[in-house]
Amino acid sequence: MAPPMTAGTLLDRLRAAGLTVVEVGDWEHHNRNHQGPWGPVHGVVIHHTAIPGAERAVSVCRDGRAGLPGPLCHGVITKDGAVHLVGHGRANHAGLGDDDVLRAVVAEKALPRANEANTDGNRHFYGFECENLGDGEDPWPTAQLDAIEKAAAAICRHHGWSEQSVIGHLEWQPGKVDPRGFSMTWLRGRIRDRLK
């Protein structure tokens, strides 16, 4: 079990990883903590935005949309590789997912297929939304993929986690497809190499 990083520590870890970090508004205090606890944290969930354009993606992820208040993640990773911090604390990104998947993440073992939605993921995961239409055709620039890898690895390194603590939304919640355009196995391999 791990307590979440403070906002300042998260910012420091991301910058120390060589990332360009953009602080959006009062991100350090923008959260959904009044809806329930954040922590203990066990991993990182990677998403795609399915929203065209970096500016709009960051805005929606910070402020939310009809029926789903923001923040919708902790950071938005845009195609240029910048990490836009939009929230710190509980965020509406993971929703309900599979308790068997959570147990596998905690144990850092191979993930079972998600077939239930019975566990609060917003409590237990950091979340990064990554700017991409998610149609399987929108490209993932090298700068963006590098930033996703670096951001996830920085969090894993801080908590002493392996790459097995990084999952895709599609691995957490039945019916989700994100991130689409690269495999999480491939991404975890890159994170594993970075953590060596």
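A brief report on the enclosed structure follows. All values derive from a computational prediction rather than experimental measurement.

Let's talk about the packing of aromatic side chains
- If you walk through the whole model with that rule in mind, you get five aromatic pairs.
- Taking 5.1 Å as the distance between ring centres and 65° as the angle between the ring planes, the aromatic pair formed by Phe125 and Trp172 counts as edge-to-face. Placement of the pair is Phe125 in strand β9 (residues 125–130) and Trp172 in helix α6 (residues 169–172), with a sequence separation of 47 residues. The residues Phe125 and Trp172 share a single accessibility class, namely buried.
- What links up through ring pairs into an aromatic cluster is the set Trp38, Tyr126 and Trp161.

Things to note about the packing of helix α5 (residues 142–159) against helix α7 (residues 184–195)
- Two numbers describe how α5 lies on α7: the axes approach to 9 Å, and their chain directions differ by 55°. By the angle between their axes, α5 is oblique relative to α7. In terms of crossing hand, the pair formed by α5 and α7 is right-handed. For the pair α5 and α7, contact is made by Leu145, Asp146, Ile148, Glu149, Lys150, Ala152, Ala153, Cys156 and Arg157 and by Trp186, Leu187, Arg190, Ile191, Arg194 and Leu195, respectively.
- The class makeup of the residues in the contact of α5 with α7 is nine nonpolar, no polar and six charged.

Structural notes on the pattern of salt bridges
- All chains considered together, the criterion is met by 13 salt bridges.
- With a closest N to O distance of 3.3 Å, Asp138 and Lys79 form a salt bridge. Of the two residues, Asp138 sits in the loop between β9 and α5 while Lys79 sits in the loop between β5 (75–77) and β6 (83–85), which places them 59 residues apart along the sequence.
- The exposure class of Asp138 is buried, given its relative accessible area of 18%.
- The partner of Glu171 in a salt bridge is Arg188, with the nearest N and O atoms 2.8 Å apart. Of this pair, Glu171 sits in helix α6 while Arg188 is found in helix α7, placing the two residues 17 residues apart along the sequence. Across the pair, Arg188 and Glu171 agree in class, each one buried.
- Salt bridges here are not isolated pairs; linked through shared partners, they connect Asp146, Glu149, Arg190 and Arg194.

Focus on the nonpolar core
- One finds Leu14, Ile46 and Ile148 to be the most contacted residues of the largest nonpolar core, which totals 35 residues.
- Looking at this core, the elements with two or more residues in it are α1 (7–16), β2 (43–48), β6, β9, α5 and α7.
- Residues within four places of Leu14 in sequence aside, it is in contact with Leu19, Val21, Val83, Leu85, Ala151 and Ala154.
- One finds Val101, Leu102, Ala114 and Ile167 within the second-largest nonpolar core, a separate group that totals nine residues.

Quick notes on the rules
Residues numbered from 1 in each chain as written. Predicted model: local features only at pLDDT ≥ 70, side-chain atom pairs only at ≥ 80, totals over all residues. Heavy atoms only, no water. Phe/Tyr/Trp six-rings, centres within 6.5 Å; stacked < 30°, edge-to-face > 60°. Helix = DSSP H or I, 4+ residues; strand = E, 2+ residues; numbered from the N terminus. Buried < 20%, exposed > 50% of the residue type's maximum accessible area, 1.4 Å probe, protein only. Axes fitted to C-alpha atoms, helices over the stretch in contact; angles between N-to-C directions. Parallel < 35°, antiparallel > 145°, perpendicular 65-115°, else oblique. Left-handed = near helix turned anticlockwise from the far one by under 90°. Contact = heavy atoms within 4.5 Å. Nonpolar A, V, L, I, M, F, W, Y, C, P; charged D, E, K, R; others polar. Salt bridge = Lys/Arg side-chain N within 4 Å of Asp/Glu carboxyl O. Core = buried A, V, L, I, M, F, W, Y, C linked by side-chain atoms within 4.5 Å.

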